[in-house]
Amino acid sequence: MERTMGTRSKQAKEAGPADPAIERKLAELPQAPGVYLLLGARHRPVYIGKASNLRTRVRSYFRVADDGRLLYPFLVREVRDLEWIVTETEQEALLLEDTLLKQHKPRFNIKLRDDKTYLSIQVTMRERFPRALLVRRPRKDGSLYFGPYSSASAIRTTLDVVRKHFGLRTCSNAEFRQRTRPCIQHQMGRCGAPCVGLQTERDYRRGVEDALQFLRGRTAPLLERLRARMEQHAERLEFEAAAKLRDQIAAIERATEAQRVVRHGGGDRDVFGEVREGELLRVQVLHFREGRLTGTGGWTLATPLPTAEALDELLRRFYSAERFLPAEIVFPLALEDAEIYERWLSERRGRRVRIVTPVRGERRRLIELARHNAREALRLAEERERLRRDALEALAHALGLAAAPQRIACLDISNTGNALAVGSVVTMRDGELEPSGYRRFQVRDLALRGDTERMAEVAERYLRRCLPRDGRRAREPLPDLLVVDGGKGQLGALVGVLERLGLESRLPVCAIAKSHDERGRALRAAGRTEPERLFVPGRAEPLRLPAGSPAMHLVQRLRDEAHRFAIGYHRKLRRKRTLRAGIEEVPGIGPRRRKALFEHFGTLRRLREASVDEIAACPGITRAQAEAVHAFLSEAELPED
């Protein structure tokens, strides 16, 4: 034991900084709360943290090697300098740290990316006649939110019940104001048409309150009240109203049975659990709302941070986003700054938030349930990683590549005739789509005819970004494989671009196209899946990978994403042109204000439906200009979106 401790002491001494400038700064650190920045090459932060005592925390990175922090040895090798900012309170340090993390995105800090974006149901209580909507992020806007739900199908089924059987309107506020007669939802018996005065606000609000009871899971008193109202209508021989309530009761019972789960007490709580294998940390969160498990999600993090420090940072990053805050957070490890986090979250929620770390009882069993889910998610993540690796190796073998491509880019073109031709490039890293590498281009040469020529222009512009220029580094990393949506013609044009840029020997390329031969036509006629073909330079016949092979599925997924991204950009430009064309004749509305209106409303239809007050709410638009736009759009015959 003594020899082990002695060895550790020697390691701790060797872990100290060799730079005298850092030694001096360590000696100058104050014993005060604040935020510290460990700086690497080119003075960029490699790690940012907060501390209640800057001197103790920062010096521990350089002086202590036996506290279990796996990060320190190679973090110290990266550090070239350090800075700190003193704050008056620990909570102020917490908020400042969050701001700096978003600004700098340091290499060693946790980067949270949800496995899925949760859906919630928003009930717009501030509106006179509230609506039920699906939203991704709850906001502090006076609405009530229910969720998050991890199952999109389950939440849509719930919303369908709310809209069909509680009579909540589905129209936008602009449509609601402009209605002069009931819509089809009223004719189908799904809305009381308050827009035209066929339903009073009091009756509508009663439906809203019933819907809120249903969403909160309090179905027993709701069903009892609805059955009493059904019997009252039956006694008064109002059989149509009684039948409607009967159908409503049946729908609620079906939904309640389908969503039945074990209840774990009452109230709202988030329960966290974690498992670790080396530097791979899996964290799972279970969302309980009104005592019911409504959703789960998590993150697989490759981090050298100690588990306690990684979980501490994850908690801050997770709740710093705009999301629902429960009354209780059940955490697997005790947090050093639990009281600070409780005050911070309570201020954001407007009511108290408790953070508990149980050692036994029901809450501890919930942590073990979260850990069980984390363990299973980690197993599935490892299996998916193996399948992606196998698919990349199979693709490399089929294309004759020396190694499996780590970064693949795919290019696609979208246009309507010769108008608004655009191109997209989407990227995939290690078999996973990489949105940060997505790029879009508007074709500049309007004289180009056909997708082949347009593709060549976009490909050359993209690849020039991947090459150093005028002594400066390349703006983009060169992919290991470039895929184009098309056949031999597109591939030939792409090879020509590579030759002009001197990349023909450095960048492998291929093209993916559907089959148009007799075999493909026969399969389409029989209603079977149309085979895909891969074209490669120097080979006359295309490669035909099995339709269900992982390698072909990977290329198809990348091609489909490029197609989606290109079409989305094309539609955006088309909407933009339609809107600008629709209002370019309005007196006093120049290019700057047209741009402001487009960014505010998005489409010509929404602008036409807007009231004068809503148009005047657009930044940079005066009341007189809003009246002019509204009058012009009300009278003019304009193209539709």
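A brief report on the enclosed structure follows. (Residues numbered from 1 in each chain as written. Predicted model: local features only at pLDDT ≥ 70, side-chain atom pairs only at ≥ 80, totals over all residues. Heavy atoms only, no water.)

Assigned secondary structure in the protein chain consists of 22 helices and 18 strands. Nonlocal contacts in the protein chain, meaning residues at least 24 apart in sequence, comprise 62% of its contacts between residues at least 6 apart. In the structure as shown, the protein chain presents an accessible area of about 33,600 Å², 49% of it carried by carbon and sulfur atoms. (Helix = DSSP H or I, 4+ residues; strand = E, 2+ residues; numbered from the N terminus. Contact = heavy atoms within 4.5 Å. Areas by Shrake-Rupley, 256 points an atom, 1.4 Å probe, with all protein chains shown as cover.)

Residues Phe-62, Phe-272, Leu-315, Tyr-319 and Ile-329 are the most contacted members of the largest nonpolar core, which totals 43 residues. Broken down by element, this core gets its largest block of residues, six residues, from helix H12 (residues 307-320). Taken domain by domain, this core gets at least three of its residues from each of domain 1 (20-104) and domain 3 (269-379). When sequence neighbours within four positions are dropped, the list of residues in contact with Leu-315 reads Phe-272, Ile-329, Phe-331, Leu-335, Tyr-341 and Ile-355. Residues Ala-409, Leu-482, Ala-493 and Ala-513 belong to the second largest nonpolar core, which totals 30 residues. (Core = buried A, V, L, I, M, F, W, Y, C linked by side-chain atoms within 4.5 Å. Buried < 20%, exposed > 50% of the residue type's maximum accessible area, 1.4 Å probe, protein only. Domains from an automatic or database assignment.)

The end-to-end C-alpha distance of helix H14 (residues 362-399), which contains 38 residues, comes to 55 Å, matching closely the 56 Å that a straight helix rising 1.5 Å per residue would cover. Phi turns positive one or two residues past the end of H14, at Gly-400, with a value near 75°. (Expected span 1.5 Å × (residues − 1).)

To continue, consider the pairing of strand E2 (residues 45-51). Consecutive side chains of a regular strand alternate in pointing toward one face of the sheet and then the other. In terms of burial, E2 is a largely internal element, seven of the seven residues being buried. In the sheet, strand E1 (residues 34-39) pairs with E2 via six bridges, with the strands oriented antiparallel. Residue pairing in the sheet places Leu-37 in a bridge with Ile-48 of E2. Linkage of E1 to E2, two consecutive antiparallel strands, is achieved through a turn of five residues, within which Arg-42 is found at a positive phi near 55°. (Pairing = 2+ DSSP bridges.)

Taking strand neighbours across the sheet as the criterion, the three strands line up as E2-E1-E3 in an open arrangement whose pairing is antiparallel. Every interior strand has two partners, whereas the edge strands, E2 and strand E3 (81-86), have only one. On average, each strand axis in the sheet is inclined to that of its neighbour by 15°, with strand direction left out of account. Helix H5 (residues 90-104) rests against E1, E2 and E3 of the sheet, and its axis sits at about 170° to E2. (Axes fitted to C-alpha atoms, helices over the stretch in contact; angles between N-to-C directions.)

What follows covers the packing of H12 against helix H13 (residues 338-349). Viewed as axis vectors pointing N to C, H12 and H13 meet at an angle of 10°, and their least axial separation amounts to 12 Å. Judged on the interaxial angle alone, H13 and H12 are roughly parallel. Counting all contacts with H12, which are made through Asp-312, Leu-315, Arg-316, Tyr-319 and Ser-320, the residues of H13 involved are Tyr-341, Trp-344, Leu-345 and Arg-348. Residues that form the contact of H12 with H13 fall into these classes: five nonpolar, one polar and three charged. (Parallel < 35°, antiparallel > 145°, perpendicular 65-115°, else oblique. Nonpolar A, V, L, I, M, F, W, Y, C, P; charged D, E, K, R; others polar.)

Now for the environment of Pro-405. Structurally, Pro-405 can be placed in the loop between H14 and strand E12 (407-416). Using a relative accessible area of 2% as the deciding quantity, one classes Pro-405 as buried. For the pair Pro-405 and Gly-431, spaced 26 residues apart in the sequence, the C-alpha separation amounts to 8.9 Å. Setting aside chain neighbours within four positions, we find Pro-405 in contact with Leu-392, Ala-396, Asp-480 and Leu-481.

What follows deals with helix H15 (residues 451-465). Across its 15 residues, H15 extends 21 Å between first and last C-alpha, which sits within 8% of the 21 Å expected from 1.5 Å per residue. Burial analysis of H15 places 11 of its 15 residues in the buried class, the great majority of the element. Of the positions making up H15, those classed as buried are Arg-454, Met-455, Ala-456, Glu-457, Val-458, Ala-459, Glu-460, Arg-461, Tyr-462, Leu-463 and Arg-465.

Before going further, it helps to spend a moment on the pattern of salt bridges. Per the counting criterion, the structure on display carries 39 salt bridges. Here Arg-500 makes a salt bridge to Glu-460, at a shortest N to O gap of 3.0 Å. Placement of Arg-500 in helix H16 (residues 488-501) and of Glu-460 in helix H15 is noted, with a sequence separation of 40 residues between them. Here Asp-613 makes a salt bridge to Arg-623, at a shortest N to O gap of 2.2 Å. Here the residue Asp-613 occupies a position in helix H21 (residues 612-616), and Arg-623 occupies one in helix H22 (residues 623-635), the gap between them amounting to 10 residues. Each of Arg-269, Glu-328, Arg-354 and Arg-363 takes part in salt bridges that share partners, so that together they form one network. (Salt bridge = Lys/Arg side-chain N within 4 Å of Asp/Glu carboxyl O.)

Further remarks concern the side chain of Asp-210. Tracing the chain through its elements places Asp-210 in helix H9 (residues 201-215). Dropping the residues within four chain positions of it, Asp-210 is found in contact with Phe-166, Leu-222, Arg-225, Leu-226 and Arg-229.

By the criterion of burial, strand E16 (residues 481-485) is predominantly enclosed, with four of the five residues buried. Pairing of E16 with strand E17 (residues 509-514), which is carried by four bridges, proceeds in the parallel orientation. Following the sheet pairing, Leu-482 is matched in E17 by Val-509. Of the crossover connections in this fold, the one passing from E16 over H16 to the parallel E17 is right-handed. (Right-handed = clockwise from strand over helix to strand, strands pointing away.)

One open sheet holds the five strands; their spatial order is E9-E8-E7-E10-E11, and the pairing between them is mixed. If you trace the sheet from one side to the other, it starts and ends with strand E9 (292-302) and strand E11 (354-356), each paired once. When strand polarity is set aside, the average angle formed by the axes of neighbouring strands in this sheet is 15°. Judged from the three bridges that link them, strand E7 (residues 269-277) and strand E10 (residues 328-330) form a sheet pairing that is parallel. Across the sheet, Arg-269 pairs through a bridge with Glu-328, a residue of E10. Sitting on the sheet, H13 is in contact with E10 and E11, with an inclination near 150° to E11.

Right, let's talk about the packing of aromatic side chains for a bit. Aromatic ring pairs are defined here through the distance separating the ring centres and the angle between the ring planes. Across all of its chains, the model carries nine aromatic pairs by this definition. With centroids separated by 4.7 Å and ring planes inclined at 75°, the aromatic side chains of Phe-318 and Tyr-319 adopt a geometry described as edge-to-face. Since its relative accessible area comes to 1%, Phe-318 is described here as buried. Site record: aromatic cluster; members linked through ring pairs are Phe-272, Trp-299, Phe-318, Tyr-319 and Phe-331. The ring of Phe-176 carries the charged tip of Arg-169 above its face, separated from the ring centre by 4.6 Å. (Phe/Tyr/Trp six-rings, centres within 6.5 Å; stacked < 30°, edge-to-face > 60°. Lys NZ or Arg CZ within 6 Å of the ring centre and 35° of its normal.)

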